[in-house]
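Structure assessment
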Amino acid sequence: MGWISPFKLNRLGMLNMNRRNVDYISRYNSRESYPLVDNKLKTKLVVAEYDVPTPGLLQVVRQQHEISRFKLMADKLDRFAVKPAKGSGGKGITVISGREEGQFVKASGAVVTLGYLERHLSNILAGLYSLAGSPDVAIVEDLVESIPGLARYSFQGVPDIRIVVFQGYPVMAMLRLATKASDGKANLHQGAVGVGLNIATGQGLNAVQFNRPITHHPDMDLALENIVIDDWDQMLAIASRCYEATGLGYMGVDLVVDAQKGPLLLELNARPGLAIQMANGCGLLPRLQTIESLRRPHFTPDQRVTFVKKTFGAV
Amino acid sequence: MTSRSRIPFYLAILLLISAGISLAVWRHLELGIPWLSGEREPIWMVEARIDFDGTGDPVLASLNVPSEPPGFRILSEQAASPGYGFSIVEEAGNRRAEWSKRVVEGPQTLYFKVQLVPDDSLLREAPKRDPRPVPAFWEEPQATAVEELLDQARTRSSTPESLTRELIKLLQPENRQVQNTTLLVSDVNYMNLLSRMLNHTGIPARTADGLYLEDARRRQDLRPFLQIFDGERWLTFNPRTAEQGLPENVVLWRQASISLLDLVGGDESDVSFSMLRQTIPSLQLSQAESTENGLGFLSLYQLPIEEQGMFRMLLLLPLGALIVAFMRIVVGIRTSGTFMPILIAVAFVQTTLVPGLIAFVSVVAIGLLMRGYLSSLNLLLVSRISALIILVIFITAGLSIAGYQMGFNTGMTVTFFPMVIIAWTIERMSILWEEEGVHEVFIQGAGSLFVAVCAYLAMSLPVASHLTFNFPELHLVVLGLILLMGQYTGYKLTELRRFNPMKVYT
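These figures come from a predicted structure and were not determined experimentally.

A word on the interface of chain A and chain B
A common way to report how large an interface is uses the accessible area buried once the components associate. Tallying the contact residues gives 29 residues for chain A and 24 residues for chain B. Those elements giving two or more residues to the side of chain A that touches chain B turn out to be helix 1 (6–12), helix 2 (17–28), helix 6 (114–126) and strand 11 (212–214) of chain A. A breakdown of the residues in the side of chain A that touches chain B according to their chemical character gives 14 nonpolar, eight polar and seven charged.

Describing the environment of A:Asp221
By the secondary structure assignment, A:Asp221 is in the loop between strand 11 and helix 8 (232–246). Residues A:Asp221 and A:Tyr153, spaced 68 residues apart in sequence, show a C-alpha to C-alpha distance of 8.8 Å.

Remarks on the packing of helix 2 (residues 142–155) of chain B against helix 3 (residues 160–171) of chain B
All names here are of chain B. Put simply, helix 2 and helix 3 touch, their axes get as near as 8 Å, and they point 130 degrees apart. Relative to helix 3, the element helix 2 lies oblique. Once helix 2 is placed against helix 3, the crossing between them reads as right-handed. Here Leu 149, Gln 152, Ala 153 and Arg 154 of helix 2 come into contact with helix 3, specifically with Leu 163, Glu 166, Leu 167 and Leu 170. The residue inventory of the contact of helix 2 with helix 3, partitioned by class, reads five nonpolar, one polar and two charged.

Quick notes on the pairing of strand 4 (residues 103–106) of chain A
All names here are of chain A. Strand direction decides the pairing type here: strand 3 (residues 94–100) and strand 4, joined by four bridges, are antiparallel. Bridged to Arg 99 within strand 4 is Phe 104. Remark: two residues form the turn of the hairpin made by strand 3 and strand 4, two consecutive strands paired antiparallel; Glu 101 in that turn has positive phi of roughly 50 degrees. Here strand 4 hands over to strand 5 (residues 111–112) after four residues, with Gly 109 in that stretch at a positive phi of 100 degrees.

Describing the pairing of strand 12 (residues 250–258) of chain A
Residues and elements named next belong to chain A. In terms of residue burial, strand 12 counts as a mostly covered element, since eight of its nine residues are buried. Pairing of strand 7 (residues 160–166) with strand 12 involves six bridges; the strand directions are antiparallel. Paired with Ile 163 across the bridge in strand 12 is Val 253. Inspection of the sheet shows strand 12 paired to strand 13 (residues 262–269) by seven bridges, in the antiparallel sense.

Here's the deal with the nonpolar core
Ranked by internal contacts, the top residues of the largest apolar core, which has 95 residues, are A:Val165, A:Val171, A:Val195, A:Cys242 and A:Leu255. With eight residues, the single largest contributor to this core is helix 8 of chain A. If you count residues domain by domain, this core takes at least three from each of domain 1 (6–53 + 147–312) and domain 2 (57–142) of chain A. Non-local contacts of A:Cys242, meaning those with residues more than four positions away in its chain, are made with A:Val47, A:Val52, A:Val165, A:Val253, A:Leu265 and A:Leu268. Counting residues in each nonpolar core, the second largest holds 48 residues, with B:Val59, B:Leu198, B:Ala208 and B:Phe225 among its members.

Side note on the sheet that holds strand 2 (residues 59–65) of chain B
All names here are of chain B. With respect to topology, four strands assemble into an open sheet ordered 4-5-2-12, the strand pairing being antiparallel. Both edges of this open sheet fall to strand 4 (85–91) and strand 12 (261–264), since each of them pairs with a single strand only. Direction aside, neighbouring strands of the sheet carry axes that sit 20 degrees apart on average. Where strand 4 and strand 5 (residues 94–101) come together, seven bridges link them in antiparallel fashion. Each residue of the ladder has a partner; that of Ile 88, found in strand 5, is Ala 97.

Quick word on the sheet that holds strand 10 (residues 234–237) of chain B
Residue and element names in this part refer to chain B. Spatially, four strands are ordered 10-9-7-11 in an open sheet, and the strand pairing comes out antiparallel. Whereas interior strands pair on both sides, the edge strands pair on one side only; in this sheet they are strand 10 and strand 11 (250–254). In this sheet, neighbouring strand axes are inclined to one another by 45 degrees on average, regardless of whether the strands run parallel or antiparallel. Two strands pair when backbone bridges link them, and strand 7 (residues 205–212) and strand 9 (residues 223–229) are joined in this way by six bridges, in the antiparallel orientation. Bridge pairing in strand 9 places Ala 208 opposite Phe 225. Against the sheet, helix 5 (residues 190–200) touches strand 7 and strand 9, its axis set at about 140 degrees to strand 7.

A look at helix 10 (residues 285–292) of chain A
All names here are of chain A. By the burial criterion, the buried members of helix 10 are Leu 285, Arg 287, Leu 288 and Ile 291. The buried residues of helix 10 all sit within an arc of 165 degrees when viewed along its axis, so they share a single face. Where helix 10 is buried, its residues touch helix 2, strand 7, strand 8 (169–177) and helix 11 (301–312).

Describing helix 6 of chain A
Residues and elements named next belong to chain A. Taking 1.5 Å per residue, 13 residues should reach 18 Å; helix 6 reaches 19 Å between its end C-alpha atoms and fits that length. Within the span of helix 6, buried status applies to Leu 117, His 120, Leu 121, Ile 124, Leu 125 and Ala 126. Backbone geometry just after helix 6 places Gly 127 at a positive phi near 90 degrees.

A word on the packing of helix 5 (residues 67–74) of chain A against helix 6 of chain A
For any two helices packed against each other, the geometry is given by the interaxial angle and the distance between the axes. All names here are of chain A. Following both chains from N to C, one finds helix 5 and helix 6 inclined at 140 degrees, their axes separated by 10 Å at the closest point. Taken together, the axes of helix 5 and helix 6 are oblique relative to one another. In this structure, the crossing between helix 5 and helix 6 has a hand that is right-handed. Here Ile 67, Phe 70, Lys 71 and Ala 74 of helix 5 lie close against helix 6, whose contacting residues are Leu 114, Leu 117, Glu 118, Leu 121 and Ser 122. Taken together, the residues of the contact of helix 5 with helix 6 sort by class into six nonpolar, one polar and two charged.

What counts and how
Residues numbered from 1 in each chain as written. Chains lettered and ligands numbered in written order. Predicted model: local features only at pLDDT ≥ 70, side-chain atom pairs only at ≥ 80, totals over all residues. Contact = placed C-beta atoms within 7 Å. Helix = DSSP H or I, 4+ residues; strand = E, 2+ residues; numbered from the N terminus. Nonpolar A, V, L, I, M, F, W, Y, C, P; charged D, E, K, R; others polar. Axes fitted to C-alpha atoms, helices over the stretch in contact; angles between N-to-C directions. Parallel < 35°, antiparallel > 145°, perpendicular 65-115°, else oblique. Left-handed = near helix turned anticlockwise from the far one by under 90°. Pairing = 2+ DSSP bridges. Buried ≥ 20, exposed ≤ 12 C-beta atoms within 10 Å, placed from the backbone. Core = buried A, V, L, I, M, F, W, Y, C linked by C-beta atoms within 7 Å. Domains from an automatic or database assignment. Arc of directions from axis to C-beta. Expected span 1.5 Å × (residues − 1).

What follows is the structure, given as structure tokens:
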């Protein structure tokens with residue numbers, strides 16, 4: 001691996017970490033909105049008012065003694081996910097994809113007991129997965145069934161779509177596919193594949209894994225060029241609406257496409273990463289600056305989406 | 001919008017940095033605090049020792065001590081004499097050290113120490129009041145001899161100085177041609193005679209006692225010097241060779257013609273001198289002198305010694321913070337915990353680098369192994385961290401004892417590491433291990449250690465601790481730089497590598 005000159009990066013309009021923090025996150029994201037996105041439960045409740053669909057909420061476990069109620073409910077369920085409300089980067093999420101002789105089968109295929117899940121819940125409550133170890137609540141959600149068209153590109157985990165939304169304008173998007181290396185997680189720094197998407201059409205552009213360009217999924221050996229995301233306009237509208245819901249000027253919106261319910265919001269991120277630029281093969285800065293220089297911003301999500309499709313569609 | 005809001009910010013930074021630098025320069029010029037700690041100046045430590053036998057009566061010992069000796073500056077004075085009351089009394093231009101005690105019996109020793117700094121600017125000081133010659137009276141036959149000698153000297157001279165030189169020569173044994181000179185001169189009264197004769201001719205003259213400064217000499221005596229007053233200042237002559245001027249290595253201990261030691265209530269008294277040449281950093285000099293100067297208000301030397309030591313450490317922290325900020329913002333090294341590297345670096349300062357590194361790595365490694373077992377116990381977070389803290393203390397105690405038994409004192413230095421910080425480091429590393437794999441643990445661990453070592457190297461530079469402690473205002477510069485880095489929006493060094501694949505799209 002070599003080095004690239006900063007002037008070249010500048011010409012590409014690559015946003016760097018320092019600039020993202022100083023010029024975008026600290027300028028456009030107000031502190032009081034952070035708890036909204038750092039807590040999945042709060043996110044779920046607030047975006048619901050803006051017609052943003054999320055996976056169905058089955059139960060919230062707030063106290064240690066409520067774990068017994070979880071036992072009653074879990075007995076009747078086949079497929080669900082247990083998440084810490086304040087977890088970040090997919091930490092502490094346990095996905096149960098089926099039952100086997102009364103035991104629970106994890107997405108990885110491992111069979112676990114109810115006791116394991118109860119311990120997991122009490123770990124979540126103690127704040128094991130939360131930022132700074134503060135006490136947390138656990139949420140139990142419907143398991144998202146990824147549409148088969150996308151699911152075949154992902155190793156185990158559900159593929160999700162990250163859209164960076166700047167002042168309500170969806171500016172850049174990528175599809176994140178889990179791999180063996182990422183252990184079924186969709187985080188790029190853990191080895192997931194990122195596929196850049198044309199913001200206007202939802203069509204695949206480039207793909208990267210571990211910051212290196214690839215053309216095929218390393219585990220499935222499927223070409224990544226021809227991926228097209230269905231319901232793309234709807235996804236852009238959902239992402240755009242999250243701006244009104246949270247007031248965060250610069251955020252990452254993580255969406256999944258459910259086989260039955262269509263696009264759903266998984267979580268919001270107030271500090272979206274920079275790898276999306278590498279998956280798209282272009283920098284964020286020119287697009288962000290285009291929007292910053294708008295003299296008349298658009299006030300409705302639909303207008304913003306139309307503007308984005310018109311302005312950033314040509315690659 | 002950006003340019004308007006940032007100009008006051010940059011102005012403030014400029015102000016901070018220039019204020020820091022100019023204050024430091026000003027204090028350097030005014031107080032003479034050196035920029036480097038290595039600058040040293042010689043000083044003489046002279047010790048007068050008084051021995052006497054107490055007779056059981058109240059004792060008052062009064063020693064003449066130097067007052068404005070030509071060519072030297074007095075840096076400090078101190079007396080060591082257990083059980084005695086001590087004070088320095090100044091009267092009519094004479095300074096005397098006085099010891100007193102109610103009942104004294106048996107052999108006694110009193111010490112008086114003075115630190116002298118050579119200073120040529122103090123060579124020519126005029127007395128406050130012009131002295132007058134003291135009239136002298138001789139009986140026959142000495143009177144004739146005196147007149148005869150003075151006549152001879154007068155004919156060969158033109159000024160008071162030359163008269164003095166000639167007179168000294170005439171009084172030397174090999175030149176005693178004049179009759180009755182032998183009658184006049186004896187070794188005992190020589191100095192007294194000389195000054196009396198000069199006074200007789202109308203030249204104010206006196207005897208001064210000087211000390212030849214030679215390194216590490218003990219039991220030295222004072223040597224007499226002749227001083228005459230030429231109307232402006234006292235001139236010094238060697239009473240045997242008639243050489244004019246004071247040798248550079250002589251300090252005049254006693255200048256006024258008064259007694260060296262007055263002792264009441266003791267006998268068999270004796271005064272002797274020993275001396276030592278020391279070189280002390282010019283810093284200490286200026287520090288000792290700045291207490292009287294108004295500019296010393298910024299000096300931390302006014303604090304008690306204990307607090308000084310604490311501040312010495314505290315004032316190094318901004319330097320560590322600067323390095324951490326630089327490494328994270330500009331270079332882009334990932335560390336585990338933002339300021340953990342500084343705390344580790346501070347611990348390294350106490351333990352020195354290599355033993356510190358070994359101790360730290362072994363404590364964390366052992367801790368990680370034990371943490372592995374803890375994680376299989378499924379404990380709640382708080383109790384797991386608490387258990388970890390106790391384990392870390394066990395590990396450090398074990399390492400210390402094992403090191404001590406094997407004869408390494410360095411094992412003991414483990415205790416300088418902040419236990420709670422180490423426990424949290426282990427916990428974080430362990431979670432990182434489980435979630436991101438060993439690779440990330442090594443990257444962040446190595447990054448933290450690298451930054452800690454850099455911070456340690458900077459903090460342990462002698463010039464760093466010297467500057468931060470003696471010029472606390474320089475921290476304004478550090479603050480300015482850190483604020484400036486907070487506005488850095490350029491690429492990190494590591495991002496140039498990370499974004500390297502983007503080359504394809506240029």
